[in-house]
Structure formats: structure tokens, C-alpha cells
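Results of the structural survey
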Amino acid sequence: MMNVYLVTVGKLKEKYLVSACNEYIKRLGAYCNILVEELPESRLPDEPSPKQIENALAEEGRKMLRLMENRKNSCNIAMCIEGKMLSSEELAQRVAQISVNGMSTLNIFIGSSFGISEEVKKACDMRLSMSPMTFPHQLARVMLLEQLYRAFSINGNGKYHK
């Protein structure tokens, strides 16, 4: 069974988002071992300078890179606006291909509201985008978990995807 780590910056605060995430995590348990890892968000002033943002992304990125280094034989995906957009079926194919390629672990990284460091993006095997639209990164977590559940359901010939 594949190990999936959803590595996020920041904690979910809204109960309805926590509830939605928990539901998809429960459903995904039938297909994979899934764990959401919440990294602390860097503290920034209300109106941070570009340099402060750059430093915060670098600090968060170092933590993500450490996780990557500790998980050999992994596929790493960075969620970012400039990433490739895939249909649900294409995502399912990518997930299936990870196992075919002999990898047992999938790490997916969601950055803070300021994004994800360039170093993490370069270290990842793929950059993935959900849409050209902008979403709150906390909602993106729910959407990504739903799409992962859909992908595993497609690969398992489940009835969820129609």
C-alpha cells in the first residue's frame, strides 16, 4: 500500500475544513496510508516586505527539504500556480505510475499563502496546479484530498468518479 504524505504549511482553523479533510482522509485509508503533516508557518508582520517573504519561504522550504531527504524512494510534488494542470483521470494515471516506477511514497507539498520556495519546487519531481484561479491554501488542502481520493477510486475501479 502506498504511503502518501500531505505536507502543508500552517494549521487548519475552521471546523468545517477540518471536518472535510478528516472525511477524505478516512476514505483514503482504504487505498493508501495517508498522513497530513502541518509545518509551522513563519511569523510575518501584517505587511511583510519582499525580503521578509523570501526569508519565510526559505525557512519553510528547509523543513520541507529535510522531509524529502528522510524519505528515499519517493515521488515529490509541489503544489504551485505555475504547475501543470491535470484532469482527475490524468492524476489517477500519475498516481498509478508512481507505484509502477517502484516508488512506495508520495509527498505532496502545499506552501503558505505566499507560496512555496523555489528550492522545494526544483527538488520536486513535478509541479502541480489545481487551476489558474486562486484559492485559499486551506481550501486547497480539502480540494487536493478530494482529488487524491478520486484518483485512487478511479484506479480501484470504484463508483465515486462518474
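Now for a quick tour of the structure. Within every chain, residues take consecutive numbers counted from 1 along the sequence as written. Whole-chain, interface and lining totals are the exception, using all residues; otherwise, since this is a predicted model, local features are given only for residues with pLDDT of at least 70 and side-chain atom pairs are given and counted only at 80 or more. Water and hydrogen atoms play no part in the side-chain values, which are based on all heavy atoms of the structure.

Considering the nonpolar core
When a protein is soluble and globular, its nonpolar side chains tend to lie buried together. Core analysis: the largest hydrophobic core is formed by 30 residues, its most contacted members being Val 4, Leu 28, Ile 77, Leu 106 and Ile 108. A helix here means a DSSP run of H or I that spans at least four residues, while a strand means a run of E at least two residues long, and both kinds are numbered starting from the N terminus. No other element matches helix α5 (residues 137–155), which puts seven residues into this core. In terms of nonpolar packing, the next biggest core, distinct from the first, is built from twelve residues, Val 9, Leu 67, Cys 80 and Val 120 among them. Only buried Ala, Val, Leu, Ile, Met, Phe, Trp, Tyr and Cys residues count toward a nonpolar core, and they belong to the same one when joined by side-chain atoms within 4.5 Å. Whether a residue is buried, partly exposed or exposed follows from its accessible area with a 1.4 Å probe, protein chains only, as a fraction of its type maximum: under 20%, in between, or over 50%, in that order.

Comments concerning the pairing of strand β1 (residues 2–9)
For β1, a buried count of six out of eight residues is recorded, marking the element as mostly surrounded by other parts of the structure. A pair of strands is considered paired only if DSSP assigns at least 2 bridges between the two. By the bridge criterion, eight bridges tie β1 to strand β2 (residues 32–39) in an arrangement that is parallel. Bridge assignment links Val 7 to a residue of β2, and that residue is Glu 37. In this fold, the crossover linking β1 to β2 by way of helix α1 (residues 15–28) has right-handed handedness. Strand direction decides the pairing type here: β1 and strand β4 (residues 105–110), joined by six bridges, are parallel. Considered in β4, the bridge of Thr 8 is made with Ile 110. Orient the strands so they point away from the viewer; a crossover is then right-handed if the path from the first strand over the helix to the second runs clockwise.

Quick word on the environment of Glu 146
Relative to the assigned elements, Glu 146 resides in helix α5. Distance from Glu 146 to Glu 23, taken between C-alpha atoms, is 9.2 Å for residues 123 residues apart in sequence. By definition in these notes, contact holds between two residues if any of their heavy atoms fall within 4.5 Å. Residues in contact with Glu 146, not counting those within four places in the same chain, are Tyr 24 and Tyr 160.

Some points on the side chain of Thr 105
The residue Thr 105 is located in strand β4 in this model. By relative accessible area, which is 8% here, Thr 105 ends up buried. Those residues in contact with Thr 105, other than ones at most four positions away along the chain, are Asn 3, Tyr 5, Arg 71, Asn 73, Ser 74, Cys 75 and Ile 98.

Some remarks on the sheet that holds β1
Pairing is parallel in the open sheet, where five strands are placed in the order β2-β1-β4-β3-β5. Sheet topology places β2 and β5 (126–129) at the edges, where each strand pairs with a single neighbour. Sheet twist, expressed as the average angle between the axes of neighbouring strands with direction ignored, equals 30°. Here the axes come from fitting lines to C-alpha atoms, over the contacting stretch only for helices, and the angles between their N-to-C directions go from 0 to 180 degrees.

Considering the pairing of β4
For a regular strand, the rule is simple: side chains alternate between the two faces of the sheet. Within β4, six of the six residues are buried, leaving the element largely enclosed by the surrounding structure. Burial along β4 is two-sided: the residues Thr 105, Asn 107 and Phe 109 and Leu 106, Ile 108 and Ile 110 are all buried. Where strand β3 (residues 74–85) lies against β4, six bridges are found, and the strand directions are parallel. Bridged to Ser 74 within β4 is Thr 105. One crossover worth recording links β3 to the parallel β4 by way of helix α3 (residues 88–100), and it is right-handed.

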